[in-house]
Protein chains: 2
Amino acid sequence: MKTIKTIEDMQLKQDELHKEQKSIGFVPTMGYLHDGHLALIKEARKENDIVVVSIFVNPLQFNQASDLEQYPRDFERDEKLLIEEGVDFVFYPSKEAMYPNPLSIDLSLNQRGDVLCGATRPGHFEGVLMVLTKLFNIVNPNRVYFGLKDAQQVAVVDSLINDFNFNIELVPVPTIRESDGLAMSSRNVNLSTYERQEAYKIYQALLKGQKLIKASNWTRQRVLDEVESFLKHTLSGEIDYVDCLTYPELTREITEKHDIIIAVAVKYQNARLIDNIILTPSGDVKYRSES
Amino acid sequence: MKTIKTIEDMQLKQDELHKEQKSIGFVPTMGYLHDGHLALIKEARKENDIVVVSIFVNPLQFNQASDLEQYPRDFERDEKLLIEEGVDFVFYPSKEAMYPNPLSIDLSLNQRGDVLCGATRPGHFEGVLMVLTKLFNIVNPNRVYFGLKDAQQVAVVDSLINDFNFNIELVPVPTIRESDGLAMSSRNVNLSTYERQEAYKIYQALLKGQKLIKASNWTRQRVLDEVESFLKHTLSGEIDYVDCLTYPELTREITEKHDIIIAVAVKYQNARLIDNIILTPSGDVKYRSES
C-alpha cells in the first residue's frame, strides 16, 4: 500500500490509473477505523481494480473546536488495518493541503440537512459536502462507499452527486449488526454493561415500526407513536429523536411511491447511539447485507 | 463535429477520450457566438487533442426572467461557426437535463462576488458557479478557457477550481480589441455612430490608469480619480463604475505583491460596455495576446 500526502500526487496517480483503464473505489474516512469502515473497504475491494481510502479529520464538519481536538487519531494502527484489507492507496493530506486559504465558496443545503441528526448539528453536513467535493475531485473515483448507519449522510451525498453531476456511483453499504441486532459502532464500548444489554431493543423498536408499515392502514404518526412508546417502556436511555420520513428526500409527506426511513437516536450516559431501517413503499427492507 | 445532448453521453465520451489519453480543452458558452468565443476556441484548439464547446443558456445566472427569455439563440448558426473552427464536440443539453429537480445544494461566494459587475447582479456569479461545477463534472476537461473581458468571472472560476480542487487548468484569454482599442463585444453593434466613435476612450482611460501605476508613488484613489475624470470629460456615456482592485482577489488593499485590475463599466443608450486591464505589481500588462 502506498501513502499519498499531497493533492498533486493523488491527482497524478488517479489520472494515470484512469489512463490504464483501472476502476477506482473510494472510501472517505476520518481515520480511527472500525468494523464499519472495514465493511465499506471490503465492498470496494470486491467491485474495483483499485481501492483508495482517505484519512482526513475534516475541521469543517465539527460544530465544536473541542470535539475536533478530541477526535481520536492513530495513523499507524489505521495503516496496518488498511494493508490487511488489501487497500492500494491511502490519501492522508494535511489540513494545510486541504484548506491552504480561506474558502471563497460556501455550500449550503436547502433540503435533507435540517432533520434527524442534522437538526442539532448546524453546519455539519455543509462541512461534509465541502470536503467530499474536494476529495471527489482529488481522487476521481468510479464508485464511492458510505455506510447506511448514517443514512442522512448517504442522502446528502446522493444530493451532492446529483446536483453537481459527479460521474460517480454512490454505493450505500448496509449496517453491520451484532448478533443481537445492535448496530456496530465505535461508541458501543462506551456503554455500561446494563446499557449494552438493553441496547439491542433500539433495533427491535425499528422492527416494530416496520411491522406496522407492512400491515395496511398505517400512518406516519402511528409509526412514530409505536416506536417511541416501545423505546420509552423498554430503555433506560433518553430518546433524542424518533422520526419516519421519505428516503432519500427526508420529507414528512410520505406517499405510496416513497421509500421510507425510520430513524432513532438514543442518549446513554457516555454514548449517543443512532440506528435506522430503510424500507420500500410496501415495508420490505431496502438494502440487505449480502453476508 | 458531433452534437451531444445528454449528460450520460457526454460523460461516456469524455471517459473514453481520457482512456485514449486525449487531452480535452473546454469552452463553456451560452451560444450566439461572437469573435470573443472564437478566440477562446482557437486557443483551445492549439493546446488540446479534443475541443468541447458547450452551449447552454443557464437560467440560474439571470437576475430577471425577461432577460433570460430575450437572450438570443441561434443553434444552427453557432453549429456552422463551431465546425469552421474545427471543434470536435458541442455539448448542447436541455434545461430539463441540466436541472431535472430542484437543487438541494446552494453555492454562495463570500469573496470576489460583490464588487464590479457582481455588485449589481445578486446571484449571478452563484448561478455561474453552479452551472460550471456541473459542466466541469460532465465534460471533465484538462483545460478550460475564459475571456479576460469578464475578468471577474475569471477570478470567480479561479476560486471555484481552487476551493473545489478541480483537476483543471484555467486558461484566461486576453481581450480582443478593435484597431482603435475598443474591446470587442456583441453589444458594440448597439452603439450609435457617435457613441462608437468615442467608445475607444474607455480603453484610453484604462491606459491613463496604467501610466500612473507605472510611475512611482501612485495610490488607489489617484488612479480612480484619474480614470474617472478622464471618462467624465471625454465620454457622453454614463459611468456605471470605475474600480481599482487586487487581482484575482478583488480587494481594495493593494500591496506591492498584488497584481492589479483597473475596471470600468459605461452605460450608453442601448448598450452597457465593460473593459479592464490587469497589471503586474510594477504596472506592466499581465496577459498579452499572442497575435
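Model, not experiment: these values are computed from the prediction.

## A closer look at the UniProt feature "active site" (unreviewed entry) in chain A
Residue and element names in this part refer to chain A. Within the UniProt annotation, "active site" (unreviewed entry) is assigned to His37. One can find His37 in helix H2 (residues 35-47). Relative accessible area serves as the criterion here: at 14%, His37 is assigned to the buried category.

## What to know about the interface of chain B and chain A
Across the boundary between the two partners, chain B contributes 33 residues, which contact 33 residues of chain A. Contact between chain B and chain A buries roughly 2,900 Å² in total, counting both sides, with carbon and sulfur atoms accounting for 43%. Taken together, the connections running from chain B to chain A amount to zero salt bridges. For the pair chain B and chain A, the interface holds 22 residue pairs in polar contact (both at pLDDT 80 or more). Those elements giving two or more residues to the side of chain B that touches chain A turn out to be helix H1 (7-19), strand S5 (105-109), helix H6 (124-139) and helix H7 (151-163) of chain B. Pairing between strand S5 (residues 105-109) of chain A and S5 of chain B: five bridges, direction antiparallel.

## Some words on empty space enclosed by the protein
Applying the stated criterion across every chain yields a total of four cavities of 30 Å³ or more. Approximately 90 Å³ is the volume attributed to the largest cavity. Forming the boundary of the largest cavity are 13 residues, of which Cys117, Lys149, Ala151, Tyr241 and Ile274 of chain B lie nearest the centre. Taken together, the elements giving at least two residues each to the lining of the largest cavity come down to H7, strand S9 (259-267) and strand S10 (272-279) of chain B. Examining the composition of the lining of the largest cavity, we find that three residues originate from one element, S10 of chain B, more than from any other. Along the lines of polarity and charge, the residues of the lining of the largest cavity split into eight nonpolar, two polar and three charged. Residue contributions to the lining of the largest cavity reach at least three from each of two domains, namely domain 1 (2-173) and domain 2 (186-277) of chain B. When its volume is computed, the second largest cavity comes out at roughly 70 Å³. Of all elements in the fold, only helix H7 (151-163), strand S9 (259-267) and strand S10 (272-279) of chain A reach the threshold of two or more residues within the lining of the second largest cavity.

The rules behind the values
- Residues numbered from 1 in each chain as written.
- Chains lettered and ligands numbered in written order.
- Predicted model: local features only at pLDDT ≥ 70, side-chain atom pairs only at ≥ 80, totals over all residues.
- Heavy atoms only, no water.
- UniProt positions renumbered as here; feature names shortened; annotations may be inferred.
- Helix = DSSP H or I, 4+ residues; strand = E, 2+ residues; numbered from the N terminus.
- Buried < 20%, exposed > 50% of the residue type's maximum accessible area, 1.4 Å probe, protein only.
- Contact = heavy atoms within 4.5 Å.
- Buried area = accessible area lost by both parts, 1.4 Å probe.
- Salt bridge = Lys/Arg side-chain N within 4 Å of Asp/Glu carboxyl O.
- Polar contact = N/O pair within 3.5 Å; in protein donor to acceptor, adjacent residues only side chain to side chain.
- Pairing = 2+ DSSP bridges.
- 1 Å grid on protein atoms, 1.4 Å probe; cavity = no way out; pocket = protein on both sides within 12 Å on 5 of 7 lines; lining within 4 Å.
- Points joined across faces, edges and corners; volume = space filled by probe spheres on them.
- Nonpolar A, V, L, I, M, F, W, Y, C, P; charged D, E, K, R; others polar.
- Domains from an automatic or database assignment.

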